[in-house]
Amino acid sequence: MRLIYLDHNATTPLRPEVKKVITDSLDVFGNASSLHPFGYEAKKRLEQVRKQVLDIIHATEGQVVFTSSGSEANNLALKGLVCTGTQCRHTLCESEGFHFITTEVEHPSVYQTASCLKHLGADVTYLPVDSSGMLDPETLEKSIQPNTVLISIMIANNEVGTIMPVKELGLIARKFGIPFHVDAVQAIGKVPVDVDEMNIDLLSLSGHKLNAPKGIGALYARQTMHLCPLIHGGHQELNLRAGTENTLGIFALGASLEAAMNHGPQEMEQIKKLRDQLHQKICEKLDGVHLNGHPEQRLPGTLNLRFDKIDGAAILEMLAMQGIAVSSGSACSSGSDNPSHVLTAMGLTPEKARSSIRISLGYGNTEEEINIAAKSIIDTVNKLRALSPL
Ligand SMILES: *Cc1c(COP(=O)(O)O)cnc(C)c1O
């Protein structure tokens, strides 16, 4: 059976350039902290990738901490900020009196971290979004309190692809002098990110959403940010994350960032074209199809659709049997019966949220694949509707 991968927001395949860097680096085994040629070589290459992270987000200053994932980077940004000052005070419990602002549509690694801080006594505001998943900057401005310590907002949503008005949000954060963290995991390599222009102080990214392997992420932090580590131990990563660095993962991340810098914009144009073709084909042949997410301010590869009178899980399963990989909501919440918190925050009823699927295109998808997928989706929905008692 021919397999067609349309679940790039869950994870992505490796690019050939990335594979090559991994296989070519298998013998670069030195510990980046060691003071001899083996260590120097690892360290030199690690520092090059740190520079590449700064480059892709147009940072002129600041630190980059390599982490195990985007989730860890998000945890470090939120929890690490609670104990300010250079001396770590192990004070998650001192979070009392701190106010965090985030949104109702964040990835669980921000959403649940905020709720953990809330359990520890912090005050958390989850900002609502409109029916397209968009946050109104005015809503942010109104939610700011004298004790607000952090604003954490994703650049692009993983389920519906909506791109937040980050520049406006950053201006508000700057106006009130509040640190601004963005979860840029879905945005990097897909939409331009400029931390200076957007007034971003902290930024999370993840390798495996960007055609690098799983298990590597990074947190960018402006020089003025004082973070406390989540993992204590050795002096690695500017004392912000103990543990010998995942050098192979870091080198691979570097290769994927380089490819994204060189080919990203043209590839994204192509991916957007394919996505819009797929959308158009589906709408030409089927009634009762609705787009979830913003019609324009949206990631180029994301197409989240709702089909009247259909159970998304049933489409998913039937498409999977035909070798077509799509998703319902996010990979992180699939397997649970709960409707997507993102779609319900956008005002959909649980039933409507459950009749939605997320199709996400990315590197490597072809027009031929899109034609096959369109046909399968149309046939599947027709079949299910014929069976449906509704
Ligand atoms: C996937 C994802 C994450 C988590 O990244 P991992 O590396 O899988 O932990 C965080 N935020 C968003 C928006 C994501 O899509």
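No experiment lies behind these values; they were computed from the predicted model shown.

**Digging into the confidence of the model for the chain**
In this model, the chain carries an average pLDDT of 94, and 94% of its residues clear a pLDDT of 70 or more. Every residue in residues 84-93 scores below 50 in pLDDT, and together they form 17 contacts with partners more than four places removed in sequence or on other chains.

**Quick word on the sheet that holds strand 10 (residues 302-307)**
Pairing is antiparallel across the open sheet formed by three strands, whose spatial order is 9-10-12. Two strands lie at the open edges of the sheet, namely strand 9 (289-292) and strand 12 (356-360), each paired on one side alone. On average, each strand axis in the sheet is tilted by 30 degrees relative to the strand beside it, whichever way the strands run. Across four bridges, strand 9 lies against strand 10 in antiparallel orientation. If you follow His 290 over to strand 10, its bridge partner there is Arg 306. Across the sheet, helix 7 (residues 247-285) is in contact with strand 9, strand 10 and strand 12; its angle to strand 10 comes to roughly 15 degrees.

**A look at the nonpolar core**
Across soluble globular proteins, you tend to see nonpolar side chains buried next to one another. Counting residues in each nonpolar core, the largest one holds 58 residues, and the members touching the most others are Phe 66, Ile 188 and Leu 203. In terms of residue count, the dominant contributor to this core is helix 2 (residues 37-56) (six residues). Among all residues touching Ile 188, those that are not within four sequence positions of it are Ile 56, Ile 57, Val 193, Leu 203, Leu 205, Leu 210 and Leu 257. Membership of the second largest hydrophobic core comes to 28 residues, among which are Leu 274, Leu 278, Ile 359 and Leu 384.

**Quick word on the site of the ligand**
The full set close to the ligand counts 14 residues, and Ser 71, Asp 183, Gln 186, Ser 206 and Lys 209 are the nearest of them. Within the contact set of the ligand, an oxygen atom lies 2.6 Å away from a side-chain nitrogen or oxygen of Ser 71. A distance of 2.7 Å is found between an oxygen atom of the ligand and a side-chain nitrogen or oxygen belonging to Gln 186. In the complex, 91% of the free accessible area of the ligand, which totals 380 Å², lies under the protein chains. Element by element, the count of residues in the shell around the ligand is highest for helix 3 (residues 70-82), at three residues. For the shell around the ligand, the per-class residue count stands at two nonpolar, ten polar and two charged.

**Focus on the pairing of strand 12**
Burial of strand 12 is extensive: five of the five residues sit out of reach of the surface. Every second residue of strand 12 is oriented toward a common face, with Ser 356, Arg 358 and Ser 360 on one face and Ile 357 and Ile 359 on the other, all of them buried.

**Looking at the domain arrangement of the chain**
What the domain assignment lists for the chain is domain 1 (4-11 + 264-380) and domain 2 (16-258). Between the C-alpha centres of domain 1 and domain 2 the distance comes to 27 Å. At the junction of the two partners, domain 1 supplies 25 residues and domain 2 supplies 29 residues. Interface area for domain 1 against domain 2, summed over the two sides, is near 2,200 Å², with a carbon-plus-sulfur share of 58%. In terms of surface lost to domain 2, no three residues of domain 1 exceed Leu 299, His 341 and Met 346, which account for 25% of the buried area on that side. Viewed at the interface, domain 2 and domain 1 are joined by zero salt bridges. Taken together, domain 1 and domain 2 are joined by twelve residue pairs in polar contact (both at pLDDT 80 or more). Counting residues per element, the side of domain 1 that touches domain 2 draws most heavily on helix 9 (residues 341-345), which supplies four residues. Among the residues making up the side of domain 1 that touches domain 2, the classes are represented as ten nonpolar, 13 polar and two charged.

What counts and what doesn't
Residues numbered from 1 in each chain as written. Predicted model: local features only at pLDDT ≥ 70, side-chain atom pairs only at ≥ 80, totals over all residues. Heavy atoms only, no water. pLDDT = per-residue confidence, 0-100. Contact = heavy atoms within 4.5 Å. Pairing = 2+ DSSP bridges. Helix = DSSP H or I, 4+ residues; strand = E, 2+ residues; numbered from the N terminus. Axes fitted to C-alpha atoms, helices over the stretch in contact; angles between N-to-C directions. Core = buried A, V, L, I, M, F, W, Y, C linked by side-chain atoms within 4.5 Å. Buried < 20%, exposed > 50% of the residue type's maximum accessible area, 1.4 Å probe, protein only. Near = heavy atom within 4 Å. Polar contact = N/O pair within 3.5 Å; in protein donor to acceptor, adjacent residues only side chain to side chain. Areas by Shrake-Rupley, 256 points an atom, 1.4 Å probe, with all protein chains shown as cover. Nonpolar A, V, L, I, M, F, W, Y, C, P; charged D, E, K, R; others polar. Domains from an automatic or database assignment. Buried area = accessible area lost by both parts, 1.4 Å probe. Salt bridge = Lys/Arg side-chain N within 4 Å of Asp/Glu carboxyl O.

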